[in-house]
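# Structural overview for review
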Amino acid sequence: MKDEYKPPPDTYYTRKEAARALRLSLGYLDKLRRHGLGPDYCVYGRCIRIPASSLQAWATARLRRGPFPEGRAE
């Protein structure tokens, strides 16, 4: 029997590492988390860890287009 495929484990960031990766202040990232607006996270005792996949999904969901239609710039 062949070994079943197991995806590699997700990388987990500390709050400080996640803020640095997003180029946000730690305080702002904490504020987003407290209001339920930040990326999904895990709690281990008193430690908060943010999976890299969650961080990427959260950032991607916030992509916005410019205010002007294509071909027009003011």
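As shown above, the structure is provided for reference.
Along each chain, the written sequence defines residue order, and numbers are assigned to residues from 1. For this predicted model, a pLDDT threshold of at least 70 governs which residues receive local features, and a threshold of 80 or more governs which side-chain atom pairs are given and counted, while totals over whole chains, interfaces and linings are taken from all residues. The side-chain numbers reported here are obtained from all heavy atoms of the structure, hydrogens and water having been left aside.

### Focus on the overall build of the protein chain
Rule in force here: The way it works is that DSSP assigns letters per residue, a run of H or I at least four long becomes a helix, a run of E at least two long becomes a strand, and they are numbered from the N terminus. Accessibility here uses a 1.4 Å probe with only protein chains present; expressed as a share of the type maximum, an area under 20% marks a residue as buried, one over 50% as exposed, and anything in between as partly exposed. We call two residues contacting when some pair of their heavy atoms lies within 4.5 Å. Using a 1.4 Å probe, accessible areas were evaluated by the Shrake-Rupley method; residue-level cover was limited to the displayed protein chains.
Across its full length, the protein chain holds 3 helices and 3 strands. Residues counted as buried form 18% of the 74 residues belonging to the protein chain. Counting contacts in the protein chain only where the partners sit at least 6 residues apart, residues at least 24 apart contribute 47% of the total. Summing over all exposed atoms, the protein chain offers an accessible surface of approximately 6500 Å²; the carbon and sulfur share of this is 53%.

### Overview of the pairing of strand β3 (residues 47–51)
Both faces of the sheet carry side chains from a regular strand, because those side chains alternate between them. Threshold: For two strands to count as paired, DSSP must find a minimum of two bridges between them.
Where strand β1 (residues 12–13) and β3 come together, 2 bridges link them in antiparallel fashion. By the bridge assignment for β3, Y13 is matched with I50. Direction of pairing for strand β2 (residues 42–44) relative to β3: antiparallel, over a ladder of 3 bridges. Bridge pairing links V43 to I48 in β3. In this antiparallel pair of consecutive strands, β2 and β3, the connection spans 2 residues, and G45 shows a positive phi of 65°.

### Describing unusual backbone geometry
Its identity as a non-glycine residue notwithstanding, R23 has a phi of 60°, on the positive side. Note on R23: relative accessible area 78%, which makes it exposed.

### Details of the packing of aromatic side chains
For any pair of aromatic rings, geometry is given as the distance between the ring centres together with the angle between the planes. Cut-off, in case you're wondering: Note on ring pairs: Phe, Tyr and Trp rings are taken, using the six-membered ring of Trp, and paired if centres are within 6.5 Å. Classes follow the plane angle, with under 30 degrees stacked, over 60 edge-to-face and the rest tilted. In this analysis the charged atom, NZ for Lys or CZ for Arg, is taken to sit over a ring once it is within 6 Å of the ring centre and within 35 degrees of the ring normal.
Within this structure, the stated rule accounts for 0 aromatic pairs. A cation over a ring is seen here: R33 above Y41, with NZ or CZ 5.6 Å from the ring centre.

### Quick look at the packing of helix α1 (residues 15–22) against helix α2 (residues 26–34)
Each pair of packed helices can be described by the angle between their axes along with the distance between the axes. Here is the rule we go by: Here an angle of 0 to 180 degrees is reported between the N-to-C directions of two axes, which are lines fitted to C-alpha atoms, with helices fitted over the stretch in contact. Orientation is classified from the angle alone, with under 35 degrees giving roughly parallel, over 145 giving roughly antiparallel, 65 to 115 giving roughly perpendicular, and any other angle giving oblique. Throughout, the ten residues Ala, Val, Leu, Ile, Met, Phe, Trp, Tyr, Cys and Pro are labelled nonpolar, Asp, Glu, Lys and Arg are labelled charged, and all others, Gly among them, are labelled polar.
Close contact between α1 and α2 brings their axes to 9 Å; oriented N to C, the two are set at 105°. In terms of their interaxial angle, α1 and α2 are classed as roughly perpendicular. Where α1 abuts α2, its residues R15, K16, A18, A19 and L22 lie against L26, L29, D30 and R33. Grouping the amino acids of the contact of α1 with α2 by side-chain chemistry returns 5 nonpolar, no polar and 4 charged.

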